[in-house]
Structure formats: C-alpha cells, structure tokens
Amino acid sequence: MAPTQEEQQNEAGRHQEVGHKSLLQSDALYQYILETSVYPKEPEPMKELRELTARHPWNIMTTSADEGQFLNMILKLINAKNTMEIGVYTGYSLLATALALPEDGKILAMDINRENYELGLPVIQKAGVAHKIDFKEGPALPVLDQMIESGTYHGTFDFIFVDADKDNYLNYHERLIELVKVGGLIGYDNTLWNGSVVAPPDAPLRKYVRFYRDYVLELNRALASDRRVEICQLPVGDGITLCRRIS
Ligand SMILES: C[S@@+](CC[C@H](N)C(=O)[O-])C[C@H]1O[C@@H](n2cnc3c(N)ncnc32)[C@H](O)[C@@H]1O
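Going by an unreviewed UniProt entry, the chain carries the name caffeoyl-CoA O-methyltransferase and comes from Quercus lobata. Comment text from UniProt for the chain, heading Catalytic activity (unreviewed entry), reads "(E)-caffeoyl-CoA + S-adenosyl-L-methionine = (E)-feruloyl-CoA + S-adenosyl-L-homocysteine + H(+)". The Function (unreviewed entry) comment attached to the chain in UniProt states, word for word, "Methylates caffeoyl-CoA to feruloyl-CoA and 5-hydroxyferuloyl-CoA to sinapoyl-CoA. Plays a role in the synthesis of feruloylated polysaccharides. Involved in the reinforcement of the plant cell wall. Also involved in the responding to wounding or pathogen challenge by the increased formation of cell wall-bound ferulic acid polymers."

What follows is the structure, given as structure tokens:
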C-alpha cells in the first residue's frame, strides 16, 4: 500500500540513512576533530587548565575542548563584552570566554563551589584575564532575582552560558530572557544529556542521567515553542542550544 501523505511528511522530517548530516559516527572521528582542529589551536593556558582538570575526581563535569573552542569563536563573532556564566567548576569555559573578550570585557561567574574555581584560578591569572571575572559563590537563582529586582541589568548581557543545575534551567530561562539584550545569546549546555533525550523509558540509564533527563526534555520543548527566541541546537559536547533573543 502506498504511504499516506502524513507518512510521507513524517519520513521527510526524519533523519535519513542516505545523505544524513550527522558525521560523528565513531569515537575515532571525535578524536580526529580534537587532534586535527582543536588541540593544535588550543591556547596554552586552556591546555594547562584542561590537563589540571583531568586529574580532578569530578573531571566529567568539565566543558570539552571542542566546546571551549566553539564558545571562544562565537563570543568573538558577536563581539561580546558583557557576559555571564552559571556553573564554573575549574573554569575551562570561563577561560575560553575570558580569552575571547576585549580587555574591558566582563564575566559575572557563579558557582556554589569556590574551591574548584580556585584550583583553576592560578592558570586564569597567569593568562592575564582574571580582571575580567567577577566570581560570586552561591546559588545563581537568587542573584538573578536580585538583578531583576534592581532593574538596572535588564537587556545588558551580550552572552550568557548556563552549565549548572539542570533542574533549574527553565527557572533560569525566565530570568535570563530579561537580562540578555535583544540580539544577544543564551547558551544552554547539555541539551542532548548524554544521548538520553531519545532513550526509551525503560532504558538502563545512570541515576543522575535519569534524574535530570525530564528537565532537559522539558527545556528543549519549551525553547522550541518560545516566541521570544530563535534557537539552534548543536551536537557539540553534550549538546548546546543557542537562544538568540528577538523580543
Ligand atoms: C558541569 S559543571 C560546570 C562546568 C564548567 N562550565 C566548565 O567549563 O568546567 C556544573 C557546576 O555547577 C555548579 N552548580 C550546581 N548548582 C549550582 C547553582 N544552583 N548555582 C550555581 N552553580 C551551581 C556546580 O558546583 C558545578 O561546578
């Protein structure tokens, strides 16, 4: 029986076997990207921080080198000057950001853990970019609420990178959409959440992956229907969704 029009449309919207766009078919291909295009161009301080972080027990949390390179490039492309980061850890994405900003650029960086930030801080200082960073220890949400309440930060950020508690992503979004400028970008990290966004409900997932999965799915749905932003979800790192505020 010939496929119905609806079946044909569904098929046209699906990932096709022939001519598909996803190139990352193997770990070897990812390694090829790192070794060919990322590591040879990685600034020395980022290499030092990456290697230092690799020896830390929670190193799984760090931003990957290809994502660091991507952030650095996008910040330069949009001429970002005033930025925010939620979720610093040892500071790899923070350093990628700081190196991309002009001398008078600013990053409001927030994390509940100062100790890990201080592990990476000597490298950031040696790179000569620590003066761009205003680190605040503590949960980010109340800081955002204060900023909104004060009324002086609305529409002032060129770029905001969110890489912390995934269960708060939608709460962050409702606040960040007011703080980012029209035409500015918010980047949400981990929006493919270890590939679990397409896992069947009974798939054997690690406990923390399963816990946050529904929040990530909810965020992805909400961003796709949010008329205040244009979005682009990229399979870089664990998936990053860029939101460009349009109203
Ligand atoms: C995935 S790591 C960030 C990785 C970092 N962007 C990098 O490049 O290495 C997540 C961080 O979010 C922090 N975090 C967790 N809950 C938070 C909250 N409510 N507010 C701010 N930071 C939080 C954690 O302490 C952790 O350092």
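Asks: I tried to follow the sheet that holds strand S1 (residues 82-86) on my own but got confused; where do I start?
Replies: Working definition: the strands of a sheet are paired by backbone hydrogen bonds and lie parallel or antiparallel to each other. Pairing within the open sheet is mixed, and its seven strands lie in the order S3-S2-S1-S4-S5-S7-S6. Strands with a single pairing partner mark the edges of an open sheet, and in this sheet they are strand S3 (133-137) and strand S6 (229-234). The mean inter-strand angle of the sheet, taken between neighbouring strand axes irrespective of direction, is 15 degrees. In this structure, S6 lies alongside strand S7 (residues 240-245), joined through six bridges in antiparallel fashion. In the strand pairing of S7, Cys232 is matched with Leu242. Here helix H9 (residues 207-224) sits on the sheet in contact with strand S5 (180-189), S6 and S7, set at roughly 135 degrees to S6.

Asks: I keep staring at the pairing of S3 and nothing clicks. Help me out?
Replies: When a strand is regular, its side chains alternate between the sheet's two faces. Pairing between strand S2 (residues 106-111) and S3: five bridges, direction parallel. Bridge pairing in S3 links Leu108 to Asp134.

Asks: Whenever I open this one, the site of the ligand confuses me. Can you help?
Replies: Near the ligand you find 20 residues, and of these Thr63, Gly87, Tyr89, Ser93 and Ala164 are the closest. Put simply, the parts of the chain that give the shell around the ligand at least two residues each are helix H5 (92-100) and S2.

Asks: It is not clear to me how the environment of Leu242 should be interpreted in this structure. Could you clarify?
Replies: Note that Leu242 resides in strand S7. For Leu242 and Phe161, which are 81 residues apart along the polypeptide, the C-alpha to C-alpha distance reads 9.2 Å. When neighbours within four sequence positions are excluded, Leu242 is seen to be in contact with Leu185, Gly187, Ile231 and Cys232.

Conventions adopted
Residues numbered from 1 in each chain as written. Predicted model: local features only at pLDDT ≥ 70, side-chain atom pairs only at ≥ 80, totals over all residues. UniProt positions renumbered as here; feature names shortened; annotations may be inferred. Pairing = 2+ DSSP bridges. Helix = DSSP H or I, 4+ residues; strand = E, 2+ residues; numbered from the N terminus. Axes fitted to C-alpha atoms, helices over the stretch in contact; angles between N-to-C directions. Contact = placed C-beta atoms within 7 Å. Near = placed C-beta within 6 Å.

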